[in-house]
Protein chains: 2
Amino acid sequence: MGGVRRNGSETGPGRPRLEMDGPVLGAVIDLITEKGMSAVTIDAVAARAEVSRAAIYRRWPTKHDLLVAAAETRVGEQDVPDRGSFRAELAMLLTARLQVYRMPGTSRLLAGLIGTGAEDEPAPAVYAVYTERITEQTRRIVRRGIARGEVRAEVDVDAVTTLIAAALPFRLVAELRPPDESLVEQVVDLIARAVETP
Amino acid sequence: MGGVRRNGSETGPGRPRLEMDGPVLGAVIDLITEKGMSAVTIDAVAARAEVSRAAIYRRWPTKHDLLVAAAETRVGEQDVPDRGSFRAELAMLLTARLQVYRMPGTSRLLAGLIGTGAEDEPAPAVYAVYTERITEQTRRIVRRGIARGEVRAEVDVDAVTTLIAAALPFRLVAELRPPDESLVEQVVDLIARAVETP
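How each quantity is defined
Residues numbered from 1 in each chain as written. Chains lettered and ligands numbered in written order. Predicted model: local features only at pLDDT ≥ 70, side-chain atom pairs only at ≥ 80, totals over all residues. Heavy atoms only, no water. Helix = DSSP H or I, 4+ residues; strand = E, 2+ residues; numbered from the N terminus. Buried < 20%, exposed > 50% of the residue type's maximum accessible area, 1.4 Å probe, protein only. Contact = heavy atoms within 4.5 Å. Areas by Shrake-Rupley, 256 points an atom, 1.4 Å probe, with all protein chains shown as cover. Least-squares fit on C-alpha atoms with pLDDT ≥ 70 in both. Phe/Tyr/Trp six-rings, centres within 6.5 Å; stacked < 30°, edge-to-face > 60°. Expected span 1.5 Å × (residues − 1). Buried area = accessible area lost by both parts, 1.4 Å probe. Salt bridge = Lys/Arg side-chain N within 4 Å of Asp/Glu carboxyl O. Polar contact = N/O pair within 3.5 Å; in protein donor to acceptor, adjacent residues only side chain to side chain. Core = buried A, V, L, I, M, F, W, Y, C linked by side-chain atoms within 4.5 Å. Axes fitted to C-alpha atoms, helices over the stretch in contact; angles between N-to-C directions. Parallel < 35°, antiparallel > 145°, perpendicular 65-115°, else oblique.

S.K.: Where do I start with the overall build of chain A in this structure?
M.R.: Within chain A, the regular secondary structure consists of ten helices and zero strands. Going residue by residue from the N terminus, the α and β elements of chain A occur as α-α-α-α-α-α-α-α-α-α. Considering chain A as a whole, with its 198 residues, one finds that 53% of them fall into the buried category. Within chain A, contacts between residues at least 6 apart in sequence are counted, and of these 69% link residues at least 24 apart. Summing over all exposed atoms, chain A offers an accessible surface of approximately 8,300 Å²; the carbon and sulfur share of this is 54%.

Rendered as C-alpha coordinates:
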(Lines give C-alpha, C1' and ligand atoms only; values in the text may rest on other atoms or scores of the structure.)
Protein backbone atom coordinates (compact mmCIF):
# COMPACT_ATOMS: atom_id res chain seq x y z
CA MET A 1 0.00 0.00 0.00
CA GLY A 2 2.19 2.91 1.18
CA GLY A 3 4.70 3.88 -1.44
CA VAL A 4 3.09 2.13 -4.37
CA ARG A 5 2.77 4.76 -7.06
CA ARG A 6 -0.82 5.28 -8.04
CA ASN A 7 -2.00 6.14 -11.47
CA GLY A 8 -2.09 9.94 -11.79
CA SER A 9 -5.65 9.88 -12.99
CA GLU A 10 -6.82 8.30 -9.74
CA THR A 11 -8.19 10.91 -7.43
CA GLY A 12 -9.72 10.40 -4.03
CA PRO A 13 -11.24 13.06 -1.86
CA GLY A 14 -9.08 16.18 -1.88
CA ARG A 15 -5.88 16.28 -3.88
CA PRO A 16 -4.88 13.50 -6.24
CA ARG A 17 -2.70 11.08 -4.33
CA LEU A 18 0.27 11.30 -6.65
CA GLU A 19 0.41 15.07 -6.24
CA MET A 20 0.47 14.80 -2.45
CA ASP A 21 3.11 12.05 -2.25
CA GLY A 22 6.13 14.15 -3.21
CA PRO A 23 5.69 16.96 -0.69
CA VAL A 24 4.61 14.66 2.15
CA LEU A 25 7.36 12.06 1.71
CA GLY A 26 9.89 14.83 1.10
CA ALA A 27 8.80 16.43 4.38
CA VAL A 28 9.29 13.09 6.19
CA ILE A 29 12.83 12.75 4.84
CA ASP A 30 13.70 16.39 5.58
CA LEU A 31 12.52 16.07 9.17
CA ILE A 32 14.45 12.84 9.71
CA THR A 33 17.60 14.25 8.13
CA GLU A 34 17.52 17.51 10.05
CA LYS A 35 16.14 16.45 13.42
CA GLY A 36 15.88 12.69 13.65
CA MET A 37 13.06 10.18 13.81
CA SER A 38 11.41 11.65 16.90
CA ALA A 39 10.66 14.82 14.91
CA VAL A 40 8.50 12.85 12.48
CA THR A 41 5.03 13.45 13.84
CA ILE A 42 1.94 13.64 11.66
CA ASP A 43 1.54 17.26 12.82
CA ALA A 44 5.05 18.24 11.78
CA VAL A 45 4.78 16.44 8.44
CA ALA A 46 1.39 18.03 7.70
CA ALA A 47 2.69 21.50 8.52
CA ARG A 48 5.82 21.14 6.44
CA ALA A 49 4.07 19.60 3.43
CA GLU A 50 1.12 22.00 3.75
CA VAL A 51 -1.49 19.27 3.66
CA SER A 52 -4.09 18.29 6.23
CA ARG A 53 -3.50 15.65 8.88
CA ALA A 54 -6.63 13.89 7.63
CA ALA A 55 -5.23 13.64 4.10
CA ILE A 56 -2.06 12.03 5.45
CA TYR A 57 -4.00 9.54 7.58
CA ARG A 58 -6.20 8.57 4.64
CA ARG A 59 -3.15 7.75 2.51
CA TRP A 60 -0.88 6.31 5.25
CA PRO A 61 -2.90 5.01 8.22
CA THR A 62 0.12 4.71 10.54
CA LYS A 63 3.46 6.45 11.00
CA HIS A 64 5.08 3.18 9.98
CA ASP A 65 3.21 3.22 6.64
CA LEU A 66 4.49 6.75 6.10
CA LEU A 67 8.07 5.72 6.87
CA VAL A 68 7.90 2.75 4.51
CA ALA A 69 6.60 5.03 1.74
CA ALA A 70 9.37 7.56 2.44
CA ALA A 71 12.00 4.81 2.46
CA GLU A 72 10.70 3.56 -0.85
CA THR A 73 11.42 6.94 -2.47
CA ARG A 74 15.07 6.30 -1.55
CA VAL A 75 15.52 2.55 -1.49
CA GLY A 76 12.88 1.46 -3.94
CA GLU A 77 12.40 -1.20 -6.55
CA GLN A 78 15.44 -1.25 -8.76
CA ASP A 79 15.40 -2.30 -12.36
CA VAL A 80 18.58 -3.98 -13.57
CA PRO A 81 18.40 -5.02 -17.22
CA ASP A 82 19.89 -8.28 -18.44
CA ARG A 83 23.59 -7.51 -18.97
CA GLY A 84 24.54 -11.08 -19.80
CA SER A 85 26.71 -11.33 -16.69
CA PHE A 86 25.89 -12.09 -13.07
CA ARG A 87 28.83 -10.03 -11.79
CA ALA A 88 27.95 -7.03 -13.96
CA GLU A 89 24.32 -7.04 -12.85
CA LEU A 90 25.19 -7.47 -9.19
CA ALA A 91 27.67 -4.59 -9.41
CA MET A 92 25.04 -2.43 -11.11
CA LEU A 93 22.46 -3.21 -8.42
CA LEU A 94 24.75 -2.58 -5.46
CA THR A 95 26.29 0.56 -6.99
CA ALA A 96 22.81 2.01 -7.43
CA ARG A 97 21.97 1.10 -3.81
CA LEU A 98 25.24 2.63 -2.64
CA GLN A 99 24.23 6.01 -4.05
CA VAL A 100 21.05 6.15 -2.00
CA TYR A 101 22.59 4.69 1.16
CA ARG A 102 25.08 7.56 1.08
CA MET A 103 22.47 10.30 0.79
CA PRO A 104 21.94 12.34 3.96
CA GLY A 105 19.09 10.98 6.02
CA THR A 106 19.00 7.46 4.53
CA SER A 107 20.74 5.96 7.54
CA ARG A 108 18.23 7.43 10.00
CA LEU A 109 15.34 6.54 7.73
CA LEU A 110 16.31 2.87 7.47
CA ALA A 111 17.22 2.66 11.14
CA GLY A 112 13.90 4.24 12.10
CA LEU A 113 12.06 1.85 9.83
CA ILE A 114 13.78 -1.12 11.46
CA GLY A 115 13.08 0.32 14.90
CA THR A 116 9.37 0.84 14.28
CA GLY A 117 9.11 -2.38 12.25
CA ALA A 118 9.79 -4.48 15.32
CA GLU A 119 6.82 -3.07 17.19
CA ASP A 120 3.23 -4.21 17.01
CA GLU A 121 1.12 -5.45 14.13
CA PRO A 122 0.17 -4.58 11.48
CA ALA A 123 3.37 -2.57 10.96
CA PRO A 124 5.65 -5.59 10.52
CA ALA A 125 3.53 -6.92 7.67
CA VAL A 126 3.86 -3.66 5.75
CA TYR A 127 7.58 -3.54 6.35
CA ALA A 128 8.18 -7.20 5.47
CA VAL A 129 6.26 -6.73 2.22
CA TYR A 130 8.43 -3.69 1.44
CA THR A 131 11.64 -5.65 2.07
CA GLU A 132 10.34 -8.47 -0.13
CA ARG A 133 9.60 -5.96 -2.88
CA ILE A 134 12.97 -4.22 -2.81
CA THR A 135 14.89 -7.52 -2.76
CA GLU A 136 12.94 -8.94 -5.70
CA GLN A 137 15.43 -7.62 -8.26
CA THR A 138 18.22 -9.42 -6.40
CA ARG A 139 16.33 -12.69 -6.68
CA ARG A 140 15.81 -12.05 -10.40
CA ILE A 141 19.54 -11.44 -10.93
CA VAL A 142 20.39 -14.72 -9.17
CA ARG A 143 17.79 -16.62 -11.20
CA ARG A 144 19.07 -15.12 -14.46
CA GLY A 145 22.57 -16.26 -13.45
CA ILE A 146 21.22 -19.78 -12.91
CA ALA A 147 19.42 -19.71 -16.27
CA ARG A 148 22.68 -18.72 -17.99
CA GLY A 149 24.60 -21.48 -16.23
CA GLU A 150 26.84 -18.93 -14.49
CA VAL A 151 25.33 -19.60 -11.07
CA ARG A 152 25.09 -23.10 -9.57
CA ALA A 153 21.57 -24.40 -10.05
CA GLU A 154 21.39 -25.72 -6.49
CA VAL A 155 22.03 -22.41 -4.68
CA ASP A 156 19.38 -21.37 -2.19
CA VAL A 157 18.11 -18.21 -3.90
CA ASP A 158 16.49 -16.99 -0.70
CA ALA A 159 19.69 -17.28 1.37
CA VAL A 160 21.85 -15.73 -1.35
CA THR A 161 19.40 -12.84 -1.62
CA THR A 162 19.57 -12.20 2.12
CA LEU A 163 23.37 -12.30 2.02
CA ILE A 164 23.49 -9.82 -0.88
CA ALA A 165 20.86 -7.49 0.54
CA ALA A 166 22.20 -7.40 4.10
CA ALA A 167 25.79 -6.20 3.76
CA LEU A 168 25.37 -2.54 2.80
CA PRO A 169 22.55 -1.68 5.20
CA PHE A 170 24.33 -3.53 8.04
CA ARG A 171 27.48 -1.49 7.40
CA LEU A 172 25.32 1.66 7.48
CA VAL A 173 23.00 1.13 10.46
CA ALA A 174 24.83 -1.40 12.67
CA GLU A 175 28.50 -0.64 12.04
CA LEU A 176 27.62 3.04 11.59
CA ARG A 177 30.13 3.50 8.80
CA PRO A 178 29.17 4.68 5.32
CA PRO A 179 29.35 1.84 2.79
CA ASP A 180 31.72 2.66 -0.08
CA GLU A 181 32.78 1.46 -3.54
CA SER A 182 35.36 -0.84 -2.02
CA LEU A 183 32.71 -2.69 0.00
CA VAL A 184 30.56 -3.03 -3.12
CA GLU A 185 33.49 -4.45 -5.11
CA GLN A 186 34.31 -6.89 -2.32
CA VAL A 187 30.71 -8.04 -1.90
CA VAL A 188 30.31 -8.54 -5.66
CA ASP A 189 33.52 -10.58 -5.80
CA LEU A 190 32.73 -12.65 -2.71
CA ILE A 191 29.16 -13.41 -3.72
CA ALA A 192 30.20 -14.29 -7.27
CA ARG A 193 32.85 -16.70 -5.96
CA ALA A 194 30.25 -18.16 -3.59
CA VAL A 195 27.66 -18.94 -6.22
CA GLU A 196 29.43 -19.34 -9.58
CA THR A 197 29.68 -22.72 -11.25
CA PRO A 198 33.19 -24.15 -10.96
CA MET B 1 30.99 1.39 29.54
CA GLY B 2 27.63 -0.30 29.08
CA GLY B 3 27.78 -4.04 29.01
CA VAL B 4 31.37 -4.56 29.97
CA ARG B 5 31.35 -6.85 32.95
CA ARG B 6 33.09 -5.28 35.91
CA ASN B 7 35.06 -7.13 38.48
CA GLY B 8 32.70 -8.12 41.27
CA SER B 9 34.94 -6.55 43.85
CA GLU B 10 34.52 -3.11 42.32
CA THR B 11 31.89 -1.17 44.16
CA GLY B 12 30.76 2.39 43.51
CA PRO B 13 28.25 4.31 45.55
CA GLY B 14 25.28 2.11 46.43
CA ARG B 15 25.14 -1.48 45.22
CA PRO B 16 28.07 -3.12 43.51
CA ARG B 17 27.63 -2.71 39.79
CA LEU B 18 27.67 -6.36 38.96
CA GLU B 19 24.83 -7.05 41.35
CA MET B 20 22.65 -4.38 39.78
CA ASP B 21 23.32 -5.35 36.17
CA GLY B 22 21.29 -8.55 36.09
CA PRO B 23 18.00 -7.18 37.42
CA VAL B 24 18.22 -3.91 35.48
CA LEU B 25 19.16 -5.44 32.12
CA GLY B 26 16.66 -8.25 32.69
CA ALA B 27 13.99 -5.61 33.30
CA VAL B 28 14.91 -3.87 30.04
CA ILE B 29 14.57 -7.11 28.09
CA ASP B 30 11.31 -8.07 29.82
CA LEU B 31 9.76 -4.69 29.05
CA ILE B 32 10.83 -4.84 25.40
CA THR B 33 9.61 -8.41 25.00
CA GLU B 34 6.25 -7.80 26.65
CA LYS B 35 5.41 -4.26 25.56
CA GLY B 36 7.92 -3.00 23.00
CA MET B 37 10.64 -0.40 22.95
CA SER B 38 8.39 2.52 23.90
CA ALA B 39 7.78 0.87 27.28
CA VAL B 40 11.49 1.08 28.12
CA THR B 41 11.61 4.24 30.19
CA ILE B 42 14.06 4.75 33.03
CA ASP B 43 11.07 4.97 35.38
CA ALA B 44 9.67 1.63 34.25
CA VAL B 45 13.05 -0.08 34.37
CA ALA B 46 13.80 1.30 37.84
CA ALA B 47 10.41 0.17 39.15
CA ARG B 48 10.70 -3.30 37.69
CA ALA B 49 14.31 -3.85 38.81
CA GLU B 50 13.68 -2.25 42.19
CA VAL B 51 16.62 0.13 41.95
CA SER B 52 16.71 3.90 41.95
CA ARG B 53 16.62 5.99 38.80
CA ALA B 54 19.82 7.66 39.96
CA ALA B 55 21.63 4.32 40.18
CA ILE B 56 20.61 3.52 36.61
CA TYR B 57 21.74 6.91 35.33
CA ARG B 58 25.10 6.59 37.06
CA ARG B 59 25.75 3.28 35.38
CA TRP B 60 24.13 3.98 31.97
CA PRO B 61 23.97 7.72 31.26
CA THR B 62 21.52 7.38 28.33
CA LYS B 63 18.74 5.03 27.30
CA HIS B 64 20.93 4.01 24.40
CA ASP B 65 23.73 2.94 26.77
CA LEU B 66 21.17 0.85 28.62
CA LEU B 67 19.95 -0.78 25.41
CA VAL B 68 23.49 -1.59 24.31
CA ALA B 69 24.19 -3.21 27.68
CA ALA B 70 20.95 -5.21 27.48
CA ALA B 71 21.74 -6.30 23.92
CA GLU B 72 25.16 -7.43 25.05
CA THR B 73 23.60 -9.85 27.53
CA ARG B 74 22.01 -11.52 24.49
CA VAL B 75 24.32 -10.89 21.56
CA GLY B 76 27.63 -10.54 23.31
CA GLU B 77 31.22 -11.38 22.72
CA GLN B 78 31.43 -14.95 21.57
CA ASP B 79 34.38 -17.19 22.15
CA VAL B 80 35.00 -19.76 19.45
CA PRO B 81 38.05 -21.92 20.13
CA ASP B 82 40.41 -22.98 17.38
CA ARG B 83 38.76 -26.03 15.79
CA GLY B 84 41.28 -26.38 13.02
CA SER B 85 38.65 -25.64 10.37
CA PHE B 86 37.22 -22.36 9.06
CA ARG B 87 33.89 -23.95 8.21
CA ALA B 88 33.56 -25.60 11.63
CA GLU B 89 34.33 -22.38 13.48
CA LEU B 90 31.99 -20.31 11.34
CA ALA B 91 29.20 -22.84 11.88
CA MET B 92 29.86 -22.78 15.63
CA LEU B 93 29.72 -18.98 15.73
CA LEU B 94 26.55 -18.62 13.69
CA THR B 95 24.77 -21.47 15.47
CA ALA B 96 25.46 -19.77 18.79
CA ARG B 97 24.16 -16.47 17.39
CA LEU B 98 21.09 -18.25 16.01
CA GLN B 99 20.10 -19.38 19.49
CA VAL B 100 19.98 -15.81 20.83
CA TYR B 101 18.40 -14.32 17.73
CA ARG B 102 15.53 -16.75 18.22
CA MET B 103 14.90 -15.85 21.85
CA PRO B 104 11.75 -13.78 22.47
CA GLY B 105 12.55 -10.08 22.53
CA THR B 106 15.87 -10.21 20.68
CA SER B 107 14.31 -8.92 17.47
CA ARG B 108 12.79 -5.89 19.17
CA LEU B 109 15.96 -5.30 21.16
CA LEU B 110 18.21 -5.23 18.09
CA ALA B 111 15.71 -3.23 16.08
CA GLY B 112 15.37 -0.70 18.89
CA LEU B 113 19.13 -0.46 19.18
CA ILE B 114 19.44 0.23 15.47
CA GLY B 115 16.61 2.75 15.67
CA THR B 116 18.11 4.70 18.56
CA GLY B 117 21.65 4.25 17.22
CA ALA B 118 20.89 6.42 14.22
CA GLU B 119 19.92 9.36 16.39
CA ASP B 120 22.24 11.94 17.91
CA GLU B 121 25.71 11.68 19.37
CA PRO B 122 27.16 10.27 21.53
CA ALA B 123 24.91 7.23 21.14
CA PRO B 124 26.29 6.11 17.76
CA ALA B 125 29.81 5.90 19.16
CA VAL B 126 28.67 3.54 21.92
CA TYR B 127 26.73 1.42 19.47
CA ALA B 128 29.50 1.32 16.86
CA VAL B 129 31.96 0.22 19.53
CA TYR B 130 29.54 -2.53 20.59
CA THR B 131 29.18 -3.78 17.00
CA GLU B 132 32.96 -3.74 16.62
CA ARG B 133 33.28 -5.76 19.82
CA ILE B 134 30.72 -8.42 18.91
CA THR B 135 32.13 -8.88 15.39
CA GLU B 136 35.71 -9.27 16.66
CA GLN B 137 35.41 -13.06 16.96
CA THR B 138 34.34 -13.20 13.30
CA ARG B 139 37.50 -11.33 12.30
CA ARG B 140 39.57 -13.74 14.39
CA ILE B 141 38.00 -16.75 12.69
CA VAL B 142 38.77 -15.30 9.24
CA ARG B 143 42.36 -14.49 10.27
CA ARG B 144 42.87 -18.00 11.68
CA GLY B 145 41.63 -19.38 8.36
CA ILE B 146 44.19 -17.23 6.54
CA ALA B 147 46.95 -18.37 8.91
CA ARG B 148 46.05 -22.02 8.20
CA GLY B 149 46.04 -21.41 4.45
CA GLU B 150 42.36 -22.33 4.22
CA VAL B 151 41.27 -18.78 3.47
CA ARG B 152 42.79 -16.73 0.65
CA ALA B 153 45.38 -14.34 2.08
CA GLU B 154 44.13 -11.42 0.01
CA VAL B 155 40.53 -11.41 1.26
CA ASP B 156 39.34 -8.14 2.75
CA VAL B 157 38.76 -9.23 6.36
CA ASP B 158 36.59 -6.21 7.07
CA ALA B 159 34.24 -6.86 4.13
CA VAL B 160 34.01 -10.59 4.85
CA THR B 161 33.22 -9.84 8.49
CA THR B 162 30.40 -7.50 7.49
CA LEU B 163 29.01 -10.11 5.10
CA ILE B 164 29.09 -12.81 7.78
CA ALA B 165 27.68 -10.60 10.53
CA ALA B 166 24.88 -9.05 8.49
CA ALA B 167 22.84 -12.00 7.22
CA LEU B 168 21.15 -13.29 10.38
CA PRO B 169 20.20 -9.91 11.87
CA PHE B 170 18.97 -8.70 8.45
CA ARG B 171 16.74 -11.77 8.18
CA LEU B 172 15.42 -11.01 11.66
CA VAL B 173 14.84 -7.23 11.67
CA ALA B 174 14.46 -6.32 7.99
CA GLU B 175 12.88 -9.41 6.46
CA LEU B 176 11.01 -10.03 9.73
CA ARG B 177 11.43 -13.79 9.48
CA PRO B 178 13.19 -15.86 12.14
CA PRO B 179 16.61 -17.03 10.97
CA ASP B 180 16.91 -20.84 11.08
CA GLU B 181 19.44 -23.68 10.83
CA SER B 182 18.99 -23.79 7.08
CA LEU B 183 20.05 -20.14 6.72
CA VAL B 184 23.07 -20.79 8.94
CA GLU B 185 24.11 -23.79 6.83
CA GLN B 186 23.68 -21.82 3.63
CA VAL B 187 25.64 -18.82 4.91
CA VAL B 188 28.48 -21.05 6.14
CA ASP B 189 28.66 -22.82 2.79
CA LEU B 190 28.44 -19.63 0.71
CA ILE B 191 31.02 -17.73 2.78
CA ALA B 192 33.40 -20.70 2.79
CA ARG B 193 33.15 -20.99 -1.01
CA ALA B 194 33.70 -17.22 -1.28
CA VAL B 195 36.90 -17.12 0.75
CA GLU B 196 38.52 -20.56 0.57
CA THR B 197 41.74 -21.07 -1.34
CA PRO B 198 41.15 -22.89 -4.63
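Picking up after the structure, the text goes on.
S.K.: How do you make sense of the relation of the copies chain A and chain B when you look at a structure like this?
M.R.: These two copies of the chain differ by a rotation about an axis and a displacement along the same axis. Between chain A and chain B, the superposition needs a rotation of 180° and an axial shift of 0.0 Å, giving an RMSD of 0.0 Å. Classification of the inter-copy transformation places it as that of a two-fold axis. Of all interface residues in chain A, 100% are interface residues in chain B too; the two copies therefore contact each other through one and the same surface.

S.K.: How should the packing of aromatic side chains be read in this particular structure?
M.R.: Given two aromatic rings, their pairing is described by the distance between the two centres and the angle made by the two planes. Residue and element names in this part refer to chain A. A full pass over the atoms with the stated rule returns two aromatic pairs over all chains. Judged by centre distance (6.3 Å) and plane angle (25°), the rings of Y127 and Y130 are stacked. Within this pair, Y127 and its partner Y130 are both found in helix α7 (residues 123-134), separated by three residues, close to a single helical turn. Neither residue differs from the other here; Y127 and Y130 are each classed as buried.

S.K.: Would you take a moment to explain unusual backbone geometry for this structure?
M.R.: Note: most residues except glycine have negative phi, and most peptide bonds are trans. Residues and elements named next belong to chain A. Look at E50: it is not a glycine, yet its phi comes out positive at around 55°. Relative to the assigned elements, E50 resides in the loop between α2 (42-49) and α3 (53-59). Phi at L176 is positive, roughly 55°, even though this residue is not glycine. Relative to the assigned elements, L176 resides in the loop between α9 (157-173) and α10 (181-195). The class of L176 is partly exposed, set by a relative accessible area of 24%.

S.K.: Would you explain the environment of B:A125 in this entry?
M.R.: Structurally, the position occupied by B:A125 is in helix α7 (residues 123-134). Distance from B:A125 to B:E150, taken between C-alpha atoms, is 34 Å for residues 25 residues apart in sequence.

S.K.: What is the right way to read helix α6 (residues 106-117) of chain A from this model?
M.R.: Since there are 3.6 residues in each turn of an α-helix, residues three or four apart along the chain are aligned in direction. When the terminal C-alpha atoms of α6(A) are compared, their 16 Å separation across twelve residues agrees well with the 16 Å that a helix rising 1.5 Å per residue should span. Burial within α6(A) is extensive, with ten of its twelve residues counted as buried.

S.K.: Looking at this structure, how should I read the side chain of B:T135?
M.R.: Of note, B:T135 is situated in the loop between α7 and α8 (136-148). Setting aside its immediate chain neighbours within four residues, B:T135 contacts B:T161 and B:A165.

S.K.: Can you walk me through the interface of chain A and chain B in this structure?
M.R.: Much of the literature gives interface size as the accessible area that the parts lose upon coming together. Counting residues at the interface gives 45 residues for chain A and 45 residues for chain B. Taken together, both faces of the contact between chain A and chain B bury some 3,700 Å²; the carbon and sulfur share is 62%. In this structure, B:R171 and A:D158 form a salt bridge, with 3.3 Å as the shortest nitrogen-oxygen distance. Inspection of the chain A/chain B interface yields twelve residue pairs in polar contact (both at pLDDT 80 or more).

S.K.: Quick question: what am I supposed to make of the environment of B:I29 here?
M.R.: Residues and elements named next belong to chain B. Inspection of the secondary structure assignment puts I29 in helix α1 (residues 17-35). Judged by relative accessible area, which is 8%, I29 ranks as buried. Distance from I29 to R74, taken between C-alpha atoms, is 9.4 Å for residues 45 residues apart in sequence. When neighbours within four sequence positions are excluded, I29 is seen to be in contact with A70, T73, R74 and L109.

S.K.: Explain the nonpolar core to me, please; I cannot follow it from the model alone.
M.R.: Membership of the largest hydrophobic core comes to 136 residues, with the highest contact counts inside it found for A:V24 and B:V24. In contact with A:V24, other than residues within four places in its own chain, are A:V45, A:A49, A:V51, A:I56, A:W60 and A:L66.

S.K.: Looking at this structure, I do not really get the pattern of salt bridges. What am I missing?
M.R.: Any two side chains of opposite charge can pair, on the condition that their charged atoms come close. Residue and element names in this part refer to chain A. Within this structure, the stated rule accounts for 43 salt bridges over all chains. Two residues, R143 and E136, come together in a salt bridge whose shortest N-O distance is 3.8 Å. On the basis of relative accessible area, R143 is assigned to the partly exposed category, the value being 41%. Looking at E136, the relative accessible area reads 26%, which means it is partly exposed.

S.K.: Before we go on, may I ask you to explain the side chain of A:T162 in this structure?
M.R.: Here A:T162 is to be found in helix α9. Under the relative-accessibility criterion, A:T162 is labelled buried at 0%. Engagement of the side chain of A:T162 in a polar contact is seen with the side chain of B:E175, the distance being 3.0 Å. Those residues in contact with A:T162 that sit more than four places away from it in its chain are B:A167, B:F170, B:R171, B:E175 and B:R177.

S.K.: Can you help me understand the packing of helix α5 (residues 86-101) of chain B against α8(B) in this one?
M.R.: Angle between the axes and distance between the axes are the two parameters that describe a pair of packed helices. Residue and element names in this part refer to chain B. Axis separation between α5 and α8 bottoms out at 10 Å; the angle between their running directions is 170°. Judged by the inter-axis angle, α5 sits roughly antiparallel to α8. Contacts from F86, E89, L90 and L93 in α5 reach Q137, T138, I141, V142, R144 and R148 in α8.

S.K.: What's the story with the environment of B:D156 in this structure? I'm lost.
M.R.: Checked against the element boundaries, B:D156 lands in the loop between α8 and α9 (157-173). Distance from B:D156 to B:I134, taken between C-alpha atoms, is 18 Å for residues 22 residues apart in sequence. Those residues in contact with B:D156 that lie beyond four places of it in its chain are A:S182 and A:Q186. Here B:D158 takes part through its backbone nitrogen, which lies 3.0 Å from a polar atom of the side chain of B:D156. Within the structure, the side chain of B:D156 is placed 3.0 Å from the backbone nitrogen of B:A159, a separation counted as a polar contact.

Geometric descriptors of this kind do not, in isolation, establish any biological role.
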